[in-house]
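A closer look at the structure
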Amino acid sequence: VSESLSSLMNTGEMLDRETFSCSICLDLLKDPMTVPCGHSYCMNCIKTHWDKEEEKKIYSCPQCRQTFPVRPVLVKSTMLAVLVEELKKTGLQAAPADHCYAGPEDVACDVCTERKLKACKSCLQCLISYCKKHLQLHYDSPAFEKHKLVEPSKKLQENMFCRTDQQSICYLCSVDEHKDHDIVSAAAERTEKQRELEVSRQNIQQRIQDREKDVKLLQQEVEDINGSADKAVEGSEKIFTEMIRLMEKRRSDVKQQVRSQQQTEVSRVRELQEKLEQEITELKRRDAELEKLSHTQDHNQFLHDYPSLSPLCESTHSSSINIRPLRYFEDVTAAVSEVRDKLEDVLREKWTNISQRVTEVDVLLSQPENMTRADFLQYSCDITLDPNTARTELLLSDGNRKVTRTGQQQSYSSHPDRFTGWCQVLSPESLTGRSVAYKNISRTGSGNECRFGFNDKSWMLHCDNNSYIFWYNTVSTPVSGPQSSRVGVFLDHRAGILSFYSISETMTLLHRVQTTFTQPLHAGLYIYSGSSAELCKLK
């Protein structure tokens with residue numbers, strides 16, 4: 001060893017200082033360890049490097065990148081340790097800082113052809129990082145005086161933004177595959193997106209204010225409904241006290257009906273109130289996300305995160321809540337007062353009047369006459385016709401959406417749900433159609449119990465080229481309105497509302513039913529000889 005050290009010290013000028021330096025810390029080796037590929041490192045340096053790779057379970061050499069599936073056992077290189085210690089005595093030190101080589105976490109000089117030195121500056125114009133030696137040309141040549149030098153960065157390729165493809169690009173890409181595209185600096189794109197973000201925040205904040213006003217209005221509406229209902233019940237109780245013997249049963253019925261309608265209306269208001277409160281919460285959360293993003297300092301991080309934010313969905317509710325100026329349940333009290341004066345008429349005729357007054361209470365603008373076509377479409381459903389219910393001379397086509405009366409027997413199999421007497425067909429879905437019926441409507445025979453509109457289990461709008469007639473339980477009601485080949489049906493099962501509309505360039509209400517539905521309803525069609533009907537797809 002002594003002879004070898006002497007020989008090395010005699011030829012010290014021929015030694016490369018980096019031979020005895022750790023390529024990780026760039027200092028002279030301390031407790032040198034040699035890995036299986038032959039490269040040597042300080043014990044702490046290589047341990048730290050492999051600790052970072054522990055999760056991947058693949059360990060690599062920082063110089064040659066050779067990988068080892070099992071973490072090598074480190075053994076101190078005694079000979080190399082002695083050699084380094086002896087060389088320190090000769091004055092051999094680590095390479096000067098300005099000649100340090102780039103480690104795994106450093107920005108390397110893009111110009112160096114051999115082992116790369118650490119970069120000291122990056123050029124935004126050249127999109128290249130330079131060590132001190134190769135950077136000198138930028139200081140010496142006037143051609144580079146307008147180039148902007150910044151601290152070494154690994155993200156030079158992300159400082160330009162292609163608006164056409166909505167992605168960050170490098171300079172070479174801007175003159176190659178992105179040529180003729182709309183390209184701006186990342187800072188400029190950040191400014192534009194920041195402007196859009198602020199507009200979005202303003203819209204959100206305005207919607208929050210609108211929804212908060214709506215919530216307050218709905219809360220007041222609940223109080224008014226409850227107060228009016230309480231007064232109606234109290235007034236009804238006083239009047240019915242005077243008719244104890246004859247009206248005891250009716251008093252109980254009115255009370256129950258008022259409370260039921262009160263619960264229905266309060267539930268509807270609270271349901272919308274809850275939805276608005278949820279929307280406010282979501283808007284505030286979204287606003288917080290946008291605010292957080294708006295304070296992002298890194299342009300590239302901002303542009304990377306911005307597209308991941310889903311666009312703000314349009315509100316499913318109106319921008320404000322309009323309350324119909326009804327008197328709520330006051331008319332109930334007046335109706336009961338009339339009952340007191342005309343007891344016999346009430347028992348025979350006026351009971352229906354009381355029921356209608358209770359169910360007419362409707363404070364929100366969700367009734368059909370206040371809804372636009374767009375409002376209706378949000379409740380639209382895609383329905384079909386059930387071949388198991390069609391009378392045998394009805395031909396279904398277009399995916400069971402169209403029915404034609406052919407006069408010829410179709411090859412349907414026998415089924416207990418099939419209409420045998422009337423040319424009718426029902427939908428399998430419990431939704432709406434030109435006629436609507438309970439599923440348990442009779443099917444066999446030609447009696448009224450099977451015919452749409454001629455029993456208490458179905459409602460029908462009769463349509464021909466000249467007129468409309470509404471049928472229910474054998475009672476016909478002439479209906480006036482513009483003639484159209486298209487008829488729309490709106491059903492609010494819970495509220496007991498069934499409405500028919502003439503559909504052309506506008507929607508015109510033809511007839512409206514207010515009742516209490518006790519079963520799910522199914523769409524139905526009655527087809528005259530030589531005619532056809534189709535369930536339209538709404539757009």
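Summary of the structure given here. Per chain, residue numbering runs from 1 following the sequence as it is written. For a predicted model such as this one, the threshold for reporting local features is a pLDDT of at least 70, and the threshold for listing and counting side-chain atom pairs is 80 or more; totals across whole chains, interfaces and linings nevertheless cover every residue. Here the side-chain values reflect all heavy atoms present in the structure, with hydrogen atoms and water set aside.

1. Observations concerning the packing of aromatic side chains
Our working definition: Any pair of Phe, Tyr and Trp rings, taking the six-membered ring for Trp, is counted once the centres come within 6.5 Å. Such a pair is stacked with planes under 30 degrees apart, edge-to-face with planes over 60 apart, and tilted for the rest. Secondary structure elements follow DSSP: runs of H or I no shorter than four residues count as helices, runs of E no shorter than two count as strands, and numbering proceeds from the N terminus. Throughout this description, buried means an accessible area under 20% of the type-specific maximum (1.4 Å probe, protein chains only), exposed means over 50%, and partly exposed covers the range between.
For the structure shown, the criterion picks out 11 aromatic pairs. Their ring planes at 50° and their centres at 6.3 Å tell us that Trp422 and Tyr526 sit as a pair that is tilted. Residue Trp422 is located in the loop between strand E12 (402-405) and strand E13 (424-426), and its partner Tyr526 is located in strand E21 (residues 521-526); the two are separated by 104 residues in the primary sequence. Among the residues examined, Trp422 registers a relative accessible area of 16% and is labelled buried. Its relative accessible area of 21% is what places Tyr526 among the partly exposed residues. Seen in terms of ring centroids, Phe470 and Phe500 are 6.0 Å apart; in terms of plane orientation they differ by 55°. Their pairing is tilted. Note that Phe470 is positioned in strand E16 (residues 468-472) and Phe500 in strand E19 (residues 497-503), a separation of 30 residues in sequence. Residue Phe470 is classed as buried on the basis of its relative accessible area, which comes to 6%.

2. Looking at the nonpolar core
In a soluble, globular protein the nonpolar side chains are often hidden away together inside. Which entries qualify depends on this criterion: Only buried residues count toward a nonpolar core, which is a set of Ala, Val, Leu, Ile, Met, Phe, Trp, Tyr and Cys residues joined through side-chain atoms within 4.5 Å.
Ranked by internal contacts, the top residues of the largest apolar core, which has 35 residues, are Ile225, Val258, Phe302, Phe329 and Val332. Listing elements by their share of this core, those giving two or more residues are helix H6 (186-241), helix H7 (244-294), helix H8 (299-305) and helix H9 (330-341). Grouped together as the second largest cluster of nonpolar side chains are 17 residues, Phe20, Ile46, Cys61 and Leu83 included.

3. Focus on the sheet that holds strand E7 (residues 149-150)
Stated precisely, the cut-off is as follows: Each pair of strands is called paired provided DSSP finds at least two bridges between the two strands. Contact between two residues is taken to exist if any of their heavy atoms lie within 4.5 Å; hydrogens are not considered. Lines fitted to the C-alpha atoms define the axes, with helices restricted to the stretch that makes contact. Angles between their N-to-C directions range from 0 to 180 degrees.
Ordered by their spatial adjacency, 3 strands build an open sheet running E6-E5-E7, and the pairing between neighbours is antiparallel. Each edge of the open sheet is held by one strand with a lone partner, namely strand E6 (128-130) and E7. Inspection of the sheet shows strand E5 (residues 121-123) paired to E6 by 3 bridges, in the antiparallel sense. Bridge pairing links Cys123 to Ile128 in E6. Docked against the sheet, helix H4 (residues 132-140) engages E5, E6 and E7, running at close to 110° with respect to E6.

4. Topic: the sheet that holds strand E20 (residues 507-514)
Spatial strand order, E18-E19-E20: 3 strands in an open sheet with antiparallel pairing. Strands with a single pairing partner mark the edges of an open sheet, and in this sheet they are strand E18 (486-492) and E20. Ignoring which end each strand starts from, the neighbouring axes of this sheet average 20° apart. Relative to E19, E18 runs antiparallel, the two sharing 7 bridges. Each residue of the ladder has a partner; that of Gly488, found in E19, is Tyr501.

5. Some details on the pairing of E20
Sheet analysis places E19 next to E20, joined by 7 bridges and oriented antiparallel. Bridge pairing links Phe500 to His511 in E20. In this antiparallel pair of consecutive strands, E19 and E20, the connection spans 3 residues.

6. A closer look at the environment of Gly445
As for its placement among the helices and strands, Gly445 is situated in the loop between strand E14 (435-438) and strand E15 (458-463). Residue classification places Gly445 among the partly exposed residues on the basis of a relative accessible area of 26%. The spacing of Gly445 and Gly421 is 24 residues in sequence and 4.7 Å in space, taken between C-alpha atoms. Residues contacting Gly445, with those up to four places away along its chain left out, are Thr420, Gly421, Trp422 and Cys450.

7. With respect to the pattern of salt bridges
The criterion, for reference: In what follows, salt bridge is the name for a side-chain nitrogen of Lys or Arg lying within 4 Å of a carboxyl oxygen of Asp or Glu.
Evaluation of the coordinates by the stated rule reveals 22 salt bridges. One salt bridge connects Glu189 with Lys193, and the closest N-O pair in it is separated by 2.3 Å. Residue Glu189 and its partner Lys193 are located together in helix H6, separated by 4 residues, close to a single helical turn. The pair Glu189 / Lys193 is uniform in exposure class, with both members buried. Measuring nitrogen to oxygen at the nearest pair gives 2.8 Å for the salt bridge that ties Arg268 to Glu265. Separated by 3 residues within a single helix, Arg268 and Glu265 lie in helix H7, roughly one turn from each other. Across the pair, exposure class does not vary: Arg268 and Glu265 are buried alike.

8. Some points on the environment of Ala229
Following the sequence through the fold, Ala229 ends up in helix H6. Taking the C-alpha atoms as reference, Ala229 lies 7.3 Å from Tyr328; in sequence the two are 99 residues apart. Excluding residues that lie within four positions of it along the chain, Ala229 makes contacts with Val258, Gln262 and Phe329.

Structural measurements only, silent on function.
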